[in-house]
Amino acid sequence: MNTTFNIPTKEDVNSTNQAIFDNLNKTLGFVPNLYATYAHSDTALENYLNFANAKTSLSAKEKEVVNLAVSEVNNCIYCLSAHTAIAKMNGFNDQQILELRAGFSSINSKFDALAKLAKNITENRGKTDTEALELFFNAGYTTGNLIDTIALVGEKTISNYIHSTTQVPVDFPLAQPLELETL
């Protein structure tokens, strides 16, 4: 068994995935390597994108808070790099991104509670600490927000695991290492 994973091209995938590749090229300007890797399956890319783009009670910025905290815990350089770029597009600066990756925010109490919760859920595999939940609810989040956060943790973990297993090349600017001394 070969454990090196190629990145499928449009010609290598089924017609459904070819159409998704066309759409990604149109909207993003390229097909990210990780998305192309999902296309080894005839159905996983479409299923993942439907899940990732589904309606949620979390804002775009809140989604990046979760994505960064989860990807740091799961040590996924691909997702950290991609979500660092996306977080910058959503108005976060380098220092704020490093804090969110570390599981906190010094600039926003809601982001702080959300980052702490996402980190805690991921580290504890869903056995969330009471303190993290209380902080989350005290910051003004609802039970609906909690369920949406848990779903997002799961969605991001899928991508983290796919990259950790396949190790396809990162095609975003590389995220800098997280050094807690600099925070």
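For clarity, every value in this text was computed on a predicted model and none was experimentally measured.

Trainee: Can you walk me through the packing of aromatic side chains in this structure?
Mentor: Geometry of an aromatic ring pair is reported as the spacing of the ring centres plus the angle between the planes. In total, this model carries seven aromatic pairs according to the counting rule given. Both rings, one in Phe136 and one in Tyr141, keep their centres 4.4 Å apart while their planes meet at 5 degrees; by these two values the pair is stacked. The burial state of Phe136 is the same as that of Tyr141; both residues are buried. Taken together, the ring pairs in this structure connect Phe30, Tyr78 and Phe172 into an aromatic cluster. Across from the ring centre of Phe92, 4.7 Å away, lies the NZ or CZ of Lys61, which sits over that ring. Looking at Lys110, its charged tip hangs above the ring of Tyr141, at a distance of 4.4 Å from the centre.

Trainee: I would appreciate a short explanation of helix α1 (residues 15-28) in the present structure.
Mentor: Counting along an α-helix, one turn takes 3.6 residues, and residues three or four places apart therefore face a common direction. Here α1 spans 19 Å end to end across 14 residues, near enough to the 20 Å set by a 1.5 Å rise per residue. Every buried residue of α1 is listed here: Asn17, Ile20, Phe21 and Leu24. One side of α1 holds all its buried residues, which, seen down the axis, span an arc of 105 degrees. Projecting away from the buried face of α1 at angles above 90 degrees are the exposed residues Ser15 and Lys26. Gly29 sits one or two residues past α1 and shows a positive phi near 90 degrees.

Trainee: I keep staring at the packing of α1 against helix α3 (residues 44-52) and nothing clicks. Help me out?
Mentor: Pairs of packed helices are described in terms of their axes, by the angle between the two and the distance that separates them. The interhelical angle for the contact between α1 and α3, taken along N-to-C directions, is 45 degrees, at an axis separation of 9 Å. Judged by the angle between their axes, α1 and α3 are oblique. Together, Thr16, Asn17, Ile20 and Phe21 of α1 and Leu45, Glu46 and Leu49 of α3 make up the contact between the two elements.

Trainee: How do you make sense of the nonpolar core when you look at a structure like this?
Mentor: Within soluble globular proteins, side chains that are nonpolar tend to cluster in buried spots. Of all hydrophobic cores here, the largest spans 22 residues; its most connected members are Val65, Val66, Phe92 and Leu100. Among the elements of the structure, α4 (60-73), α6 (94-102), α7 (109-123), α8 (130-138) and α9 (143-166) are those that each provide at least two residues to this core. Discounting residues that sit within four places of it in the chain, Leu100 has contacts with Val65, Leu68, Ala69, Phe92, Ser105, Phe111 and Ala115.

Trainee: Honestly, the environment of Tyr78 in this entry has me stumped. Any pointers?
Mentor: Among the secondary structure elements, Tyr78 is positioned in helix α5 (residues 77-89). As for Tyr78 and Leu174, which are separated by 96 residues in sequence, their C-alpha atoms are 7.8 Å apart. For Tyr78, the contacting residues outside a window of four places in its chain are Pro32, Asn33, Leu34, His163, Val168, Pro169, Val170, Asp171 and Phe172. Here the side chain of Tyr78 touches Leu34 through a polar contact of 3.2 Å, landing on its backbone nitrogen.

Trainee: What am I meant to see in the pattern of salt bridges here?
Mentor: A side chain with one charge may pair with a side chain of the opposite charge, provided their charged atoms come close. As enumerated under the stated definition, the model contains six salt bridges in all. Residue Arg101 pairs with Glu72 through a salt bridge whose shortest N-O separation is 2.7 Å. Linking Arg101 in helix α6 with Glu72 in helix α4, this pair joins segments that are 29 residues apart in sequence. Each member of the pair Arg101 and Glu72 is classed as buried.

Trainee: I'm lost on the packing of α8 against α9 in this one. Help?
Mentor: The interhelical angle for the contact between α8 and α9, taken along N-to-C directions, is 125 degrees, at an axis separation of 10 Å. Put simply, α8 runs oblique to α9. When you trace α8 past α9, the crossing you get is right-handed. Contact with α8, carried on its side by Leu133, Phe136 and Phe137, involves Thr143, Asn145, Leu146 and Thr149 of α9 and no other residues of that element. Residue classes in the contact of α8 with α9 are distributed as four nonpolar, three polar and no charged.

Reading guide: rules and limits
- Residues numbered from 1 in each chain as written.
- Predicted model: local features only at pLDDT ≥ 70, side-chain atom pairs only at ≥ 80, totals over all residues.
- Heavy atoms only, no water.
- Phe/Tyr/Trp six-rings, centres within 6.5 Å; stacked < 30°, edge-to-face > 60°.
- Buried < 20%, exposed > 50% of the residue type's maximum accessible area, 1.4 Å probe, protein only.
- Lys NZ or Arg CZ within 6 Å of the ring centre and 35° of its normal.
- Helix = DSSP H or I, 4+ residues; strand = E, 2+ residues; numbered from the N terminus.
- Expected span 1.5 Å × (residues − 1).
- Arc of directions from axis to C-beta.
- Axes fitted to C-alpha atoms, helices over the stretch in contact; angles between N-to-C directions.
- Parallel < 35°, antiparallel > 145°, perpendicular 65-115°, else oblique.
- Contact = heavy atoms within 4.5 Å.
- Core = buried A, V, L, I, M, F, W, Y, C linked by side-chain atoms within 4.5 Å.
- Polar contact = N/O pair within 3.5 Å; in protein donor to acceptor, adjacent residues only side chain to side chain.
- Salt bridge = Lys/Arg side-chain N within 4 Å of Asp/Glu carboxyl O.
- Left-handed = near helix turned anticlockwise from the far one by under 90°.
- Nonpolar A, V, L, I, M, F, W, Y, C, P; charged D, E, K, R; others polar.

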